[in-house]
Amino acid sequence: MISVNPGAALSLQRHQYRAEHWVVLSGHASISRDAEHIELGANQSIAIAQGQLHRLSNNGMEPLLILEVQSGDVLDEADIERLDDRYGRG
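Every chain is numbered independently, its residues counted from 1 as its sequence is written. Owing to the predicted nature of the model, reporting of local features is limited to residues with pLDDT of at least 70; listing and counting of side-chain atom pairs is limited to 80 or more, with chain, interface and lining totals taken over all residues. The side-chain values count all of the structure's non-hydrogen atoms but skip hydrogen atoms and water molecules.

1. Some thoughts on the pattern of salt bridges
To be explicit about the condition: Salt bridges are counted wherever a side-chain nitrogen of Lys or Arg sits within 4 Å of a carboxyl oxygen of Asp or Glu. Three exposure classes are used, based on accessible area relative to the maximum for each residue type with a 1.4 Å probe and protein chains only: buried under 20%, partly exposed in between, and exposed over 50%.
The full count for this structure, using the stated rule, is four salt bridges. When the shortest N-O distance is used, the salt bridge between Arg 18 and Glu 20 registers 3.1 Å. Accessibility classification places Arg 18 together with Glu 20 in one group, the buried group. Where Arg 33 meets Glu 36, a salt bridge forms, and the shortest distance between an N and an O atom there is 2.8 Å. Judged by relative accessible area, which is 16%, Arg 33 ranks as buried.

2. Side note on the side chain of Asn 58
In plain terms, the rule: Helix and strand definitions follow DSSP, with helices as H or I runs of at least four residues and strands as E runs of at least two, each counted in order from the N terminus. Counting of polar contacts relies on pairs of N or O atoms within 3.5 Å, with two restrictions inside protein: one atom must be capable of donating a hydrogen and the other of accepting it, and residues adjacent in sequence are counted only when both atoms are side-chain atoms.
Positionally, Asn 58 belongs in the loop between β7 (54-57) and β8 (64-72). Classification of Asn 58 as buried rests on a relative accessible area of 0%. Of the polar contacts made by the side chain of Asn 58, one reaches the backbone nitrogen of Gly 60; its length is 2.8 Å.

3. A look at the environment of Gly 60
Our working definition: Note on contacts: a residue pair is in contact if any heavy atoms of the two residues lie within 4.5 Å.
Within the secondary structure, Gly 60 is located in the loop between β7 and β8. Along the chain, Gly 60 and Glu 36 lie 24 residues apart, while their C-alpha atoms are 19 Å from each other. Apart from the residues within four sequence positions on either side, Gly 60 is in contact with Pro 6 and Gly 7.

Any link to function would need more than the numbers given here.
Here is the structure:
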């Protein structure tokens, strides 16, 4: 589960070894995936392919709750390549 507060965003990132599938449980998701910008609401989903540049943001007024399913050879934090991070993580 991923919870994103209003006005917050995850880092701009990609994964070398895993793909992700996100299902919006509640709130409104703003997603950057490579050159695309996608808006999703509750009960909608998106696939993030291995190697795709992506960022999840909450531009709404309510908390965003996402169910994330990961698949691939490496499913840990070592497989996160952060290209831009508001919180100073490398």
